[in-house]
Amino acid sequence: MKEKIGFIGLGIMGKPMAKNLVHAGYTLYVFSSGAASMQELEKKGAIGASSPKEIAELSDIIITMLPDSPQVKEVAFGNGGLMEGLSRDKLFIDMSTIDAATEIEIHERFAAVGVETMDAPVSGGDVGAKSGSLSIMAGGSETAFKRALPLFQILGKKINHIGSTGAGQIAKSCNQIATALATQGVIEAFSLAASAGIDLAKLKEVLSGGFADSRTLAVSGERMIKRDFSPGFKLKLYTKDLRIAKQAAAERSVNLPGTQLLHNEMQQLVSEGKGELDFSALIHLFENN
């Protein structure tokens, strides 16, 4: 018999992920701050819950997909939170992108009541969430990973058990650093080409035939050319991710000069009211200079 799943957080990423679990035949309990998203999932066959506590009581495995560490901690430990409804042998999987220290704190407190945890942040944006092709970076015990794997195989295509608790979040920070700096490279290339009157669609085709080819060029580059900055992954959330990466680096005395510079640029755009746009809107900063 399939385990009962609880899912908390039905945003741009969480909603399609939850839908994929319903389509796979799982009994799915959902909770979100957005009533419309819950109603949409209920129409697909999910069962709405009144609180994280109820999610914990009803579910064998609980998944969270939330914006940042404070929201995850509130769901875990706040009034009506998961801790009030947990019992032994349940599994908690946090697929949000947050700091590793918070994951370790949750792990230690949940372990005291007999609940295993995994941090399993994802990469792939809303496209990967909808298609079930996310890249999943999991931290936690081997036992927890094996139990979570059937769910991961529904949600993603590239699934890696990185290491112990918190390792998934460090891997996600590495992913965000590499992707962000690759995006800046595409933007700078496009800026130079545009200044010379080169058609950006033709440039993209040329770059796609060599070592410059990447998913960043394919997806973000296409968004820049079409001026489509509808949020696949919001700039304000990417800014948060780089803050987490910088924090992790500072704790380990690692210097990230490129990440620091790009994070400052992203913060500037967020302060200008562009935080709700896709992170490829970073090109606006270069166009304004």
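Remember, predicted model here, so these are calculated numbers, not experimental data.

Engineer: Just to check I follow, could you spell out the overall build of the protein for this structure?
Structural biologist: Helix and strand counts for the protein come out as 13 helices and nine strands. Taken over the C-alpha trace, the protein has a radius of gyration of 20 Å; the compact-globule value for 289 residues is 19 Å, and the two agree within 12%. Its C-alpha atoms give the protein principal-axis dimensions of roughly 65 × 45 × 35 Å. The buried share of the protein, reckoned over its 289 residues, is 50%. Contacts in the protein between residues at least 24 apart in sequence constitute 66% of all its contacts with a sequence separation of at least 6. A total of about 13000 Å² of accessible surface is found on the protein, and carbon and sulfur atoms cover 54% of it. Of the charged side chains in the protein, 30 are positive and 32 negative; the average position of the first set lies 4 Å away from that of the second.

Engineer: Would you mind going over the pattern of salt bridges with me for this structure?
Structural biologist: It is possible for side chains bearing opposite charge to pair when their charged atoms get close. One pass over the full model with this rule turns up 15 salt bridges. For lysine 204, the salt bridge goes to glutamate 222, with nearest N and O atoms at 3.5 Å. Of this pair, lysine 204 sits in helix α9 (residues 200-207) while glutamate 222 sits in helix α10 (residues 215-226), and the two are 18 residues apart along the sequence. According to the relative accessible area criterion, glutamate 222 is partly exposed, its value standing at 27%.

Engineer: What should I look at first to understand the packing of helix α1 (residues 14-23) against helix α2 (residues 35-44) in this one?
Structural biologist: The axes of two packed helices give the description: the angle between them and the distance between them. Relative orientation of the contacting elements α1 and α2 amounts to 15°, with a least axis distance of 10 Å. Considered as vectors, α1 and α2 are oriented roughly parallel to each other. Along this stretch, α1 crosses α2, giving a crossing that reads as right-handed. Between α1 and α2, the residues in contact are Lys15, Ala18, Lys19, Val22 and His23 and Ser37, Glu40, Leu41 and Lys44, respectively. In terms of residue class, the contact of α1 with α2 is made up of three nonpolar, two polar and four charged.

Engineer: Sorry, what's going on with the pairing of strand β5 (residues 91-94) here?
Structural biologist: For a regular strand, side-chain orientation follows a simple rule: the groups alternate between the two sheet faces. The side-chain alternation of β5 yields two buried faces, one formed by Leu91 and Ile93 and the other by Phe92 and Asp94. Across four bridges, strand β4 (residues 61-64) lies against β5 in parallel orientation. Bridge pairing links isoleucine 63 to isoleucine 93 in β5. A crossover links β4 with its parallel partner β5, the connecting element being helix α4 (residues 69-77), and its sense is right-handed.

Engineer: Got a minute to help me understand α4 in this structure?
Structural biologist: Residues spaced three or four apart along an α-helix face the same direction, because each turn holds 3.6 residues. Every buried residue of α4 is listed here: Ser69, Val72, Val75 and Ala76. All buried residues of α4 lie within an arc of 130° about the axis, which places them on one face of the element. Check the buried side of α4 and you find it contacts β1 (5-8), α3 (52-58), β4, β5 and α5 (100-111).

Engineer: Sorry, what's going on with the environment of isoleucine 5 here?
Structural biologist: Residue position: isoleucine 5 is located in strand β1. Assessed through its relative accessible area of 0%, isoleucine 5 is described here as buried. If near-sequence neighbours (up to four positions away) are discounted, isoleucine 5 is found in contact with Leu21, Tyr26, Thr27, Leu28, Tyr29, Ser59, Ile61, Ile63 and Leu151.

Engineer: Quick question: what am I supposed to make of the nonpolar core here?
Structural biologist: As a rule of thumb, nonpolar side chains are buried together in soluble globular proteins. Residues Phe7, Met17, Leu28, Ile93, Met95, Met118 and Phe152 are the most contacted members of the largest nonpolar core, which totals 33 residues. The element best represented in this core is helix α7 (residues 142-155), accounting for six residues. Residues in contact with isoleucine 93, not counting those within four places in the same chain, are Ile61, Ile62, Ile63, Thr64, Met118, Ala120, Ala148, Leu151 and Phe152. In this structure, Val186, Leu203, Leu235 and Leu282 belong to the second largest nonpolar core, which totals 22 residues.

Engineer: Where do I start with the side chain of glutamine 169 in this structure?
Structural biologist: When you line up the elements, glutamine 169 lands in helix α8 (residues 167-195). For glutamine 169, a relative accessible area of 1% gives the class buried.

Cut-offs applied
- Residues numbered from 1 in each chain as written.
- Predicted model: local features only at pLDDT ≥ 70, side-chain atom pairs only at ≥ 80, totals over all residues.
- Heavy atoms only, no water.
- Helix = DSSP H or I, 4+ residues; strand = E, 2+ residues; numbered from the N terminus.
- Rg over C-alpha atoms; globule rule 2.2 N^0.38 Å.
- Buried < 20%, exposed > 50% of the residue type's maximum accessible area, 1.4 Å probe, protein only.
- Contact = heavy atoms within 4.5 Å.
- Areas by Shrake-Rupley, 256 points an atom, 1.4 Å probe, with all protein chains shown as cover.
- Lys, Arg positive; Asp, Glu negative; His and termini not counted.
- Charge placed at Lys NZ, Arg CZ, Asp CG, Glu CD.
- Salt bridge = Lys/Arg side-chain N within 4 Å of Asp/Glu carboxyl O.
- Axes fitted to C-alpha atoms, helices over the stretch in contact; angles between N-to-C directions.
- Parallel < 35°, antiparallel > 145°, perpendicular 65-115°, else oblique.
- Left-handed = near helix turned anticlockwise from the far one by under 90°.
- Nonpolar A, V, L, I, M, F, W, Y, C, P; charged D, E, K, R; others polar.
- Pairing = 2+ DSSP bridges.
- Right-handed = clockwise from strand over helix to strand, strands pointing away.
- Arc of directions from axis to C-beta.
- Core = buried A, V, L, I, M, F, W, Y, C linked by side-chain atoms within 4.5 Å.

By themselves these figures say nothing about function.
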